[in-house]
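# Survey of secondary and tertiary structure
Okay, here's what each chain looks like letter by letter:
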Amino acid sequence: HGTHGAQASEGEPLARQMDHPTRHRICCRAPRTAPAFHQVLGSHYSSAFLVCHIYSQNLKHTADYYRQLDEQQHAIERGLVQSEEDQLRGFVIRALMTNLYVSFSEVEELFEIDFKSHFAQELQTLNTFADDGLVSIQEKQILVHECARLLVRNICMVFDQYLPQHQTAQRF
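Presented here is an overview of the structure given in this document.

Conventions and cut-offs
Residues numbered from 1 in each chain as written. Predicted model: local features only at pLDDT ≥ 70, side-chain atom pairs only at ≥ 80, totals over all residues. Heavy atoms only, no water. Helix = DSSP H or I, 4+ residues; strand = E, 2+ residues; numbered from the N terminus. Contact = heavy atoms within 4.5 Å. Areas by Shrake-Rupley, 256 points an atom, 1.4 Å probe, with all protein chains shown as cover. Pairing = 2+ DSSP bridges. Axes fitted to C-alpha atoms, helices over the stretch in contact; angles between N-to-C directions. Expected span 1.5 Å × (residues − 1). Buried < 20%, exposed > 50% of the residue type's maximum accessible area, 1.4 Å probe, protein only. Arc of directions from axis to C-beta. Salt bridge = Lys/Arg side-chain N within 4 Å of Asp/Glu carboxyl O. Core = buried A, V, L, I, M, F, W, Y, C linked by side-chain atoms within 4.5 Å.

Now for the overall build of the protein. Of the regular secondary structure elements, the protein holds eight helices and seven strands. Taking the intrachain contacts of the protein between residues at least 6 apart in sequence as the baseline, contacts between residues at least 24 apart amount to 47%. For the protein, the computed accessible surface area is about 10,300 Å², with 51% contributed by carbon and sulfur atoms.

The following block contains the structure:
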């Protein structure tokens, strides 16, 4: 179990909570800030998936997975519900990894924040990458240069709030 996001109630599996109509509706409502286009489905044992801002992982053992399915039960081993901050940071990370840029105005519109003030510390940390010519921090966006494509995961680590500070330092 992770230490972030809203997890299943103690002693009650996430799968059971999802069976509860009210809880399912609460988990799957799109908050005012949530872009509704990012869904990842996993349909095999051990696969992980993201639906309605809930990260889940299926049972890891084949026999357990198929037994649950045969009994028409959820085959979920664990999961967590993303907070709005998790969703915001995930959006920024996915934009950088997918497009090699993130638009401040797009993030500001979707999440009702001021990008530069919300991510002031992260922008300061990104200056190391900018000094090395790997990224440009422009007036309206962050741009990852083509030469840094293979380092984009390292660059995105700056926005991962769950990594210890020392892990986001430049390591190459």
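Moving on, there is more to tell.
The strands that make up a sheet pair up through hydrogen bonds in the backbone, lying either parallel or antiparallel. Taken together, three strands build an open sheet; the order of strands is β5-β7-β6 and the sheet is antiparallel. The open sheet terminates on both sides in strands that have one partner only, identified here as β5 (101-103) and β6 (135-137). Taking each pair of neighbouring strands and ignoring which way they run, the sheet shows an average axis angle of 10°. Seen against the sheet, helix α4 (residues 84-99) touches β5 and β7 (141-144) and runs at an angle of roughly 135° to β5.

Let us look at helix α7 (residues 120-131). Two residues of an α-helix separated by three or four positions point the same way, owing to the 3.6 residues in each turn. In this model α7 runs 17 Å from its N-terminal to its C-terminal C-alpha over twelve residues, within 8% of the 16 Å that 1.5 Å per residue would give. Glu 122, Leu 123, Leu 126 and Phe 129 are the residues of α7 that are buried. Mapping the buried residues of α7 onto a view down its axis gives an arc of 90°, with all of them on the same face. Along α7, the residues that are exposed and aim more than 90 degrees away from the buried face are Gln 121, Gln 124 and Asp 131. Along its buried surface, α7 packs onto α4, α6 (115-118), β6, β7 and α8 (152-156). At the C-terminal side of α7, Gly 133 shows a positive phi close to 75°.

Moving on, we come to the pairing of β7. Of the two faces of β7, only one is covered, namely that formed by Ile 142 and Val 144; the face formed by Gln 141 and Leu 143 stays uncovered. Pairing of β5 with β7, which is carried by three bridges, proceeds in the antiparallel orientation. Across the sheet, the residue bridging to Tyr 101 is Leu 143, located in β7. One ladder, built from three bridges, connects β6 with β7; its direction is antiparallel. Bridging from a neighbouring strand, Ile 137 pairs with Ile 142 of β7. In this structure, the hairpin formed by β6 and β7 is closed by a connection of three residues.

With that out of the way, let us pick up the pattern of salt bridges. Summed over the entire model, instances satisfying the criterion amount to five salt bridges. In this structure, Arg 89 engages Glu 122 in a salt bridge whose closest nitrogen and oxygen atoms are separated by 2.9 Å. One end of the pair, Arg 89, is in helix α4; the other, Glu 122, is in helix α7, with 33 residues separating them in the sequence. The partner of Lys 116 in a salt bridge is Glu 139, with the nearest N and O atoms 3.1 Å apart. In this pair, Lys 116 is assigned in helix α6 and Glu 139 in the loop between β6 and β7, connecting sequence segments 23 residues apart. For Glu 139, a relative accessible area of 60% gives the class exposed. Within this structure, Glu 85, Arg 89 and Glu 122 form a network of salt bridges that share partners.

Turning next to the environment of Met 157. Following the sequence through the fold, Met 157 ends up in the segment after α8. Residue Met 157 is classed as buried on the basis of its relative accessible area of 19%. Separated by 35 residues in the primary sequence, Met 157 and Glu 122 place their C-alpha atoms 9.6 Å from one another.

Let us look at the nonpolar core. Val 92, Val 107, Phe 115, Ile 142 and Phe 159 are the most contacted members of the largest nonpolar core, which has 27 residues in total. Of the residues forming this core, the biggest block, six residues, is contributed by α4. In this structure, Phe 159 is in contact with Arg 89, Val 92, Ile 93, Leu 96, Phe 115, Phe 119, Glu 122, Leu 126 and Ile 142, ignoring residues within four places of it in sequence.

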